[in-house]
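As a plain string of letters, each chain reads:
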Amino acid sequence: MTFAGWFSILVCLLLILALTKPFGIYLYRVFETERPPLAPILGGLERWVYRLSGVDPSKEHHWTEYARALLAFSLFGVLITHFIQRVQHLLPLNPAGLGPVAPDLAFNTAVSFTTNTNWQSYAGESTMSTITQMAGLTWHNFLSAACGVAVALALARGFTRQRGQTVPATIGNFWVDVTRCLLHVLLPISFLFALALVQQGVPQTFAPNTAATTLEGAKQAIPLGPVASQESIKMLGTNGGGYYNANSAHPFENPTPFSNLLEMISIFAIAAALTYTYGLMARNSREGWAIFWAMACLCVAGVSVCYWAESKPNPALAGLPLTVEGNLEGKEVRFGFAATALFATLATDASCGAVNGMHDSFNPLGGLVPLLNIQLGEVVFGGVGSGLYGMLVFVVLSVFIAGLMVGRTPELLGKKIEAKEVKLAVLYCLVFCVAVLGMTAAAAAVLPHGTSTLNNAGPHGLSEILYAASSAAGNNGSAFAGLGANTLFWNVGLAVLMWLGRFWMMIPVLGIAGSMVGKKTRPPGPGTFPTDIPLFTALLIGVVAIVGALTFFPALCLGPLVEHFVALHGKVY
Amino acid sequence: MSTRSGSSSLFDRAILRQAALDAAKKLDPRGLFRNPVMFVVAIGAVLVTVEFLRGVLAGVPGSEPAWYTANIALWLWFTVLFANFAEAVAEGRGKAQAAALRRMRTETVARRLTGGREESVPASELEKGDTVVVEAGQLIPGDGEIVEGIACVDESAITGESAPVIRESGGDRSSVTGGTKVLSDRIVVRIGASAGESFLDRMIALVEGAARQKTPNEIALHILLVGMTLIFLTACVTLVPLALYSGIRLSMTSVVSLLVCLIPTTIGGLLSAIGIAGMDRLLQKNVVAMSGRAVEAAGDVDTLLLDKTGTITLGNRLATELIPCGDVRVGDLADAAQLASLADETPEGRSIVVLVKDRYHLRARNIHEIAAHFVPFSAQTRMSGCDLDERKIRKGAVDAIAVWVKEAGGTVPDGFLETAGKIGDTGGTPLGVADGNRVLGIIHLKDVVKEGIAERFARFRMMGIRTVMITGDNPRTAQAIAREAGVDDFVAEATPESKLRIIRNEQAGGKLVAMTGDGSNDAPALAQADVGVAMNSGTQVAKEAGNMVDLDSNPTKLLEVVEVGKQLLMTRGVLTTFSIANDVAKYFAILPAVFVAAFPEIAPLDVMSLASPRSAILSAVIFNAIVIILLIPLSLRGVEYRPIGAAALLRRSLLLYGVGGVVAPFIGIKAVDLVLAAVGLV
């Protein structure tokens, strides 16, 4: 660990902090006011979209309508994407003459992109035609992100709206939320971001492959394409599906330290800003900051452990006559330990599956951090929208468990937390736990298909399985690698996990929103449980850490922890 | 409250003995099923027992030695029994009280009036609407209302208060309770509740816990506990194949032990005991709650509506000061004031005599001995007094005294009316005193605020509860008293209907309102309030409308009610937090123990360095069971509530039960392990 390393981590986190308030205000004005700041430019386009699609933007949705719209929209996305992949050989823009994608892989990919996961069981260049990439996949990068933001807004409205503010109790209009997120947030920012990346040297071209001669004199064809535009929304929308297989480790996706910094900031930009937006919606910005700092503390803890672990050489090398500074396997030397550890932490704190180094090659405890981040529910800032609503579910649980300790029925922002909310919040946690552990157990020992494509044995192999299941159910999309996932078992299994982890968790969230929005708000007093103080931040961290850790500790014990202790004795897998 | 205070020692030997029996009876699966957490433990205990029996009887070699399986099975059963025991102790305390109540319900013969004739029927056959006659020395056969007569009634059986009370037909003192005894006279009572539904019956059902339903918050907490049980069930069941992958074959005993240690058995086992104990604590304070829901709501109250008269003030205006006019000596004024009040039997008049005696040391004289002629108060003169020899001493309304003095040829001194005005401004009542044509001074009559009430309201304020005083007085008087008593707000010139309106307004603002009441015209407001405490001395209608009855008829009892409600919620909260926090240590005890055989390298994870893997697991299971027993006193007594503000309270509780809950089991499990090793069991 070096001063420069810590300094670069600090700079990145401070920039995110600085961005939170102004961007949070912007998001608030986009979603919660009649006229967003860019309305003079984009208002006409927005109205045209509503007219064309027959949406009445003034009509708000009850939570069941909201959920129905979300599900219908997503189901449509899955079907159309699946269909395009299956008939891509009949469609134009297929220069390589690729055949139809296998049904299980097509299903997996369709679900993966619709659920903001971007898990890829395939290599893009050799499987998907240009039309499939464009018409089938890329638009999900925008829309799945917008859906996440919409659900987070719905939940925040459920908490913060006073009864009678909207009659009947509604939580917003799904179509308006998605459209505004797309037009006023994702498109303009990713456009500017893409320009910045181009300036840094990321290709944005329709030119053919470029040819290079390697040091050994071999000829290499490096594919080019509209990389910058794909890269920007990949980070901003916490999607993570890279243009190249090496993802953000590839020099064309992430050429410079500055582009690396920009990409890391963009992972958290929306998620961090949404906490401030939530504070504004709650008419008390400290409510937002309390959540922000809980996320920030967990993030710093993760980075610290990861950076510390990766600055140590692989324990298996101990005793060899080598001077090794740290664990450089699977890392880009240009990024080094700090930026790789930070990138891995941020991308798994959020549901962004992007990587700028290979998590599979991390030291056991270094690899534990991304894995645990996903298993905590990706609530450390988290995916766009999904991070906030996930954290708010933990807020509900924290308030319920600890709120009783002040001698009152637990309340959040003056609204009572009752049986229904607890039921839905518990369901939210249970779905994730059953999905991840069930799939891991099935793959590890119950069914023979799970381990057949595993590259590593022992605890490391278990980590790979656990990571795949967590990544899918957590809608992260990054892979520990080392696992051949393009099999019927993994394609279908992970697709089911992604579906569960997205919609079976979103629906309870919308249920909580619908139940909370109709509740009476009690004015706060000295006896009210405070949710805007550092003490609550500490409590929230404790609940997130304990609930996440308690659920997955046995599995982690058999995976990375055992691997760590065994590696100390010189045994590697 | 002498009759019940005997059982207030937390652990009565007889109750404990009965509870131990009941704990075993409660192993009935139908009952256990109502508590899913303990049900899971019971199933686990059965599974491990079967594992043990298979090994011993059928000779199937288990993966673990028999002594170990037997010990785990034993302690799992203890875990269930301890939880049952906690509930049984809580119920036992209620049952002891119910038995005392039930004794007086039996064998009452009622003298029913049918068409003017009188017939003797057992009290249990009385119907609602029957009229019965009760005479001195007889027990009143059922709850009802006096329709004829007046009587002195001994209600000590219900209230524990030995002084008899007067009950009479009409008005707010007409209700009588079955089981109480008429000491004098004869009354005719119209029965208001059929046998089995009387107040006494309901009280018995409540304290026995038979009528206990889960409260909303209890249900929500139950859902959380069930959810956590399911999560840990998933974690433990999936651990079997994960371990298999890693080459570890987990024994049934280990998996069940891990599961039982992780699921929230502490709070799951004590939850219902906490609820029963909460009701019981209220009863110790002589308040009967009609439902657990009401107790819970009491903890949430935001606004307290209080009648001025009888609650905040003593109820009568009392003389507090004598203010002489001009050069009059205060002794003369005291003398005159006493003479004018000697025959005045009103509370105000008596208070003047008392004041003069206490403050100016003039002993009361007998009006007949000094041959004075008493002049009673009349609405025309608005004065009273006495004629003694030539002296005509009068006290009365200030303007009436002024007129009287002028008519007698005297003058009203400067300052007399001003002083009177000032007293009026502070909410007091000035009484002028004159001797013939000479104005002597003013008696300051005041609505006296009860001693200690301001401190009580300050405590409410610290709890975050707003107090609102309701009075029929004019705003000026009301404000003065409100300031002195320290209430946050007041409503002057209130009518009975305005209470209902105020409650609705507060509730519309999202607040929970508590109030006390006794009259029939309070009934709508009592019913509307979230917590309505009816005075036992009040009417039947009021008692029906409220959700609590204060047997002592003490309106300031609300403070205790609120505190019990808060204690109830807090006790649940701290034990839930403690229970969850405990899991961290249990993981560190059990997981290294089950994995260390396959991966000896993970020994450093065993931070407690326990004697052996089996000792680690057994210690965790034993600790898990014992902690339930250790926490029974806390759950029955409740966590102490301190009105120090929610943030401070939270910090304290989190430190004590959150951080403490993480640390305590590390120490506890290590201690159990040391004992096990010392006795050579492991």
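Rules used throughout
- Residues numbered from 1 in each chain as written.
- Chains lettered and ligands numbered in written order.
- Predicted model: local features only at pLDDT ≥ 70, side-chain atom pairs only at ≥ 80, totals over all residues.
- Heavy atoms only, no water.
- Axes fitted to C-alpha atoms, helices over the stretch in contact; angles between N-to-C directions.
- Helix = DSSP H or I, 4+ residues; strand = E, 2+ residues; numbered from the N terminus.
- Left-handed = near helix turned anticlockwise from the far one by under 90°.
- Contact = heavy atoms within 4.5 Å.
- Parallel < 35°, antiparallel > 145°, perpendicular 65-115°, else oblique.
- Nonpolar A, V, L, I, M, F, W, Y, C, P; charged D, E, K, R; others polar.
- Pairing = 2+ DSSP bridges.
- 1 Å grid on protein atoms, 1.4 Å probe; cavity = no way out; pocket = protein on both sides within 12 Å on 5 of 7 lines; lining within 4 Å.
- Points joined across faces, edges and corners; volume = space filled by probe spheres on them.
- Phe/Tyr/Trp six-rings, centres within 6.5 Å; stacked < 30°, edge-to-face > 60°.
- Buried < 20%, exposed > 50% of the residue type's maximum accessible area, 1.4 Å probe, protein only.
- Salt bridge = Lys/Arg side-chain N within 4 Å of Asp/Glu carboxyl O.
- Polar contact = N/O pair within 3.5 Å; in protein donor to acceptor, adjacent residues only side chain to side chain.
- Patch = residues over 30% accessible without salt bridge, like charges linked within 9 Å, V, L, I, M, F, W, Y side chains within 5 Å.
- Areas by Shrake-Rupley, 256 points an atom, 1.4 Å probe, with all protein chains shown as cover.
- Expected span 1.5 Å × (residues − 1).
- Bend = angle between axes of the 7 residues up to and from the residue.
- Core = buried A, V, L, I, M, F, W, Y, C linked by side-chain atoms within 4.5 Å.

With that settled, the discussion passes to the packing of helix H12 (residues 364-375) of chain A against helix H16 (residues 458-473) of chain A. Residue and element names in this part refer to chain A. Look at H12 against H16: their axes get within 9 Å of each other, and the N-to-C directions meet at 35°. Note that H12 runs across H16; the crossing there is left-handed. Contacts from Pro370, Leu371, Ile374 and Gln375 of H12 reach H16 at Leu466, Tyr467, Ser470 and Ser471.

What follows is about the packing of H16(A) against helix H18 (residues 534-568) of chain A. Residue and element names in this part refer to chain A. One can describe the packing of H16 onto H18 by two numbers: an axis separation of 8 Å at closest approach and a directional angle of 130°. The angle between H16 and H18 falls in the class oblique. Of the two elements, H16 crosses H18, and the hand of that crossing is left-handed. Contacts from Pro459, His460, Leu462, Ser463 and Leu466 of H16 reach H18 at Ala555, Leu556, Leu558, Gly559, Pro560, Val562 and Glu563. Residues belonging to the contact of H16 with H18 are distributed by class as follows: 8 nonpolar, 3 polar and 1 charged.

Looking now at the sheet that holds strand E3 (residues 131-135) of chain B. Residue and element names in this part refer to chain B. Taken together, the 6 strands give an open sheet; going across it, the order is E2-E1-E3-E9-E4-E7, and neighbouring strands pair in antiparallel fashion. Every other strand in the sheet has two partners, leaving strand E2 (117-122) and strand E7 (175-176) as the edge strands with one partner each. Bridging between strand E1 (residues 109-114) and E3 involves 3 bridges; their strand directions are antiparallel. Pairing of arginine 112 across the sheet is with valine 132, part of E3.

We now examine the sheet that holds strand E5 (residues 150-154) of chain B. Residue and element names in this part refer to chain B. Pairing within the open sheet is antiparallel, and its 3 strands lie in the order E6-E5-E8. Of all the strands in the sheet, the pair left with one neighbour each is strand E6 (165-168) and strand E8 (181-184). Neighbour to neighbour, the strand axes of the sheet diverge by 50° on average, direction disregarded.

Now for the layout of surface pockets. Residue and element names in this part refer to chain A. Taken as a whole, the largest pocket encloses approximately 940 Å³ of empty space. Going through the elements one at a time, helix H5 (124-127), helix H6 (130-160) and helix H8 (227-236) are the ones with two or more residues in the lining of the largest pocket. Ranked by residue count, the leading element in the lining of the largest pocket is H6, at 7 residues. Per-class residue counts for the lining of the largest pocket are 19 nonpolar, 17 polar and 1 charged. Roughly 670 Å³ of internal volume is contained in the second largest pocket. Lining the second largest pocket are 29 residues; nearest its centre among them are Phe31, Glu32, Thr33, Glu34 and Arg180. Residue contributions to the lining of the second largest pocket peak at 5 residues, all from helix H2 (residues 39-53).

Our next topic: the packing of aromatic side chains. Residue and element names in this part refer to chain A. Enumeration according to the criterion identifies 25 aromatic pairs over all chains in this entry. Arranged with centres 5.9 Å apart and planes meeting at 25°, the rings of phenylalanine 3 and phenylalanine 7 form a pair that is stacked. In this pair, phenylalanine 3 and phenylalanine 7 are both assigned in helix H1 (residues 3-32), 4 residues apart and thus about one turn of the helix distant. On the basis of relative accessible area, phenylalanine 3 is assigned to the exposed category, the value being 69%. By relative accessible area, phenylalanine 7 is classed as partly exposed at 45%. Following the ring pairs from residue to residue traces out a cluster consisting of Phe268, Tyr276, Trp289, Phe292, Trp293 and Phe381.

With that out of the way, let us pick up the interface of chain B and chain A. For interface size, the figure often reported is the accessible area lost on association. Opposite the 62 residues of chain B that make contact, chain A presents 62 residues. On the surface where chain B and chain A come into contact, there are 3 salt bridges. Two residues, Arg408(A) and Asp302(B), come together in a salt bridge whose shortest N-O distance is 3.3 Å. There are 10 residue pairs in polar contact (both at pLDDT 80 or more) connecting chain B and chain A. For the side of chain B that touches chain A, the secondary-structure elements that each account for two or more residues are helix H8 (216-245), helix H11 (292-300), helix H16 (453-463), helix H21 (558-595) and helix H23 (646-678) of chain B. Tallying contributions element by element places H8(B) first for the side of chain B that touches chain A, with 19 residues.

For the rest of this paragraph, the subject is a nonpolar patch on the surface. A cluster of nonpolar side chains, Trp67(B), Val675(B), Val679(B), Leu681(B) and Val682(B), forms an exposed patch at the surface whose accessible area comes to about 420 Å². On the basis of relative accessible area, Trp67(B) is assigned to the partly exposed category, the value being 35%.

The subject of this paragraph is the environment of Ala336(B). All names here are of chain B. You can see alanine 336 is positioned in helix H12 (residues 330-341). For alanine 336, a relative accessible area of 0% gives the class buried. Residues alanine 336 and arginine 394, spaced 58 residues apart in sequence, show a C-alpha to C-alpha distance of 8.2 Å. Excluding anything up to four places from it in sequence, alanine 336 contacts Ile393, Val433 and Leu440.

What follows deals with the pairing of strand E15 (residues 391-397) of chain B. All names here are of chain B. Relative to E15, strand E14 (residues 383-388) is paired through 6 bridges, and the arrangement is antiparallel. Each bridged residue has a counterpart across the sheet, and for serine 384 the counterpart in E15 is lysine 395. Linkage of E14 to E15, two consecutive antiparallel strands, is achieved through a turn of 2 residues, within which aspartate 389 is found at a positive phi near 50°. Relative to strand E16 (residues 429-435), E15 is paired through 5 bridges, and the arrangement is antiparallel. If you follow isoleucine 393 over to E16, its bridge partner there is aspartate 435.

Residues and elements named next belong to chain A. For helix H9 (residues 257-281), with 25 residues, the first-to-last C-alpha span of 36 Å sits near the 36 Å given by 1.5 Å per residue. Taken as a whole, H9 carries its principal kink of about 40° at alanine 269. Extensive coverage of H9 is indicated by the burial of 21 of its 25 residues.

Moving on, we come to the side chain of Asn624(B). Residue and element names in this part refer to chain B. Counting through the fold element by element, asparagine 624 comes out in helix H22 (residues 613-637). You can call asparagine 624 buried: its relative accessible area is 0%. Within the structure, asparagine 624 has its side chain in polar contact with the side chain of lysine 586 (distance 2.8 Å). Non-local contacts of asparagine 624, meaning those with residues more than four positions away in its chain, are made with Thr79, Val260, Cys261, Thr265 and Lys586.

Of all hydrophobic cores here, the largest spans 313 residues; its most connected members are Phe159(A), Leu186(A), Ile270(A), Phe381(A), Met391(A), Trp490(A) and Met548(B). Tallying contributions element by element places H21(B) first for this core, with 20 residues. Of all hydrophobic cores here, the second largest spans 22 residues; its members include Val328(B), Leu339(B), Leu388(B) and Leu445(B).

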